[in-house]
Amino acid sequence: FVTAGLGGMSGAQPKAAVICGAVGICAEVSREAAEKRHRQGWVVDITDDLDECLQLAQSAAQDGRGTSIAYVGNVVDVWERLAELSDP
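Summarised in this report is the structure supplied together with it. This one's a predicted model, so the numbers in the text were calculated from it and none came from an experiment.

1. Some thoughts on the pattern of salt bridges
Think of it this way: side chains of opposite charge can pair up when their charged atoms draw near.
Consideration 1: Scanning all chains against the criterion turns up 5 salt bridges.
Consideration 2: Among the salt bridges present, the one from R31 reaches E35, with a minimum N-O distance of 3.1 Å. With a gap of 4 residues between them, R31 and E35 both fall in helix α2 (residues 31-39), about one helical turn apart.
Consideration 3: When the shortest N-O distance is used, the salt bridge between R31 and D48 registers 3.0 Å. On the criterion of sequence distance, the pair formed by R31 in helix α2 and D48 in the loop between β3 (45-47) and α3 (50-63) is long-range, its members being 17 residues apart.
Consideration 4: One continuous salt-bridge network, built from bridges that share partners, spans R31, E35 and D48.

Rules used in this analysis
- Numbering of residues begins from 1 in every chain and follows the order in which that chain's sequence is written.
- Local features in this predicted model are restricted to residues whose pLDDT is 70 or higher, and side-chain atom pairs enter the listing and the counts only when it is 80 or higher, whereas totals over whole chains, interfaces and linings include all residues.
- Values reported for side chains reflect all heavy atoms of the structure, with hydrogen atoms and water molecules removed beforehand.
- The working definition used for a salt bridge is a side-chain nitrogen of Lys or Arg within 4 Å of a carboxyl oxygen of Asp or Glu.
- Helix and strand assignments come from DSSP, with helices taken as H or I runs of at least 4 residues and strands as E runs of at least 2, each series counted from the N terminus.

Written out as structure tokens, the structure is:
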């Protein structure tokens, strides 16, 4: 799944992805907020490279492994790239 925001009380969604065996990408524009959630263990991986983010997600999905990825950037960029990749 794709969601956005890791500030305040937003660590639960990425943690739930791991617990449920899903692959979760959480976009966050604040590097500070993303790094804080990563240090706290709420997200497994952190990257500001969209290609790397999607590769991490694809690898976890292929392995059947739950994970959470903090993408430091705009969630719109994630949705647009996913739409491009799914366009026949």
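After presenting the structure, the write-up continues.
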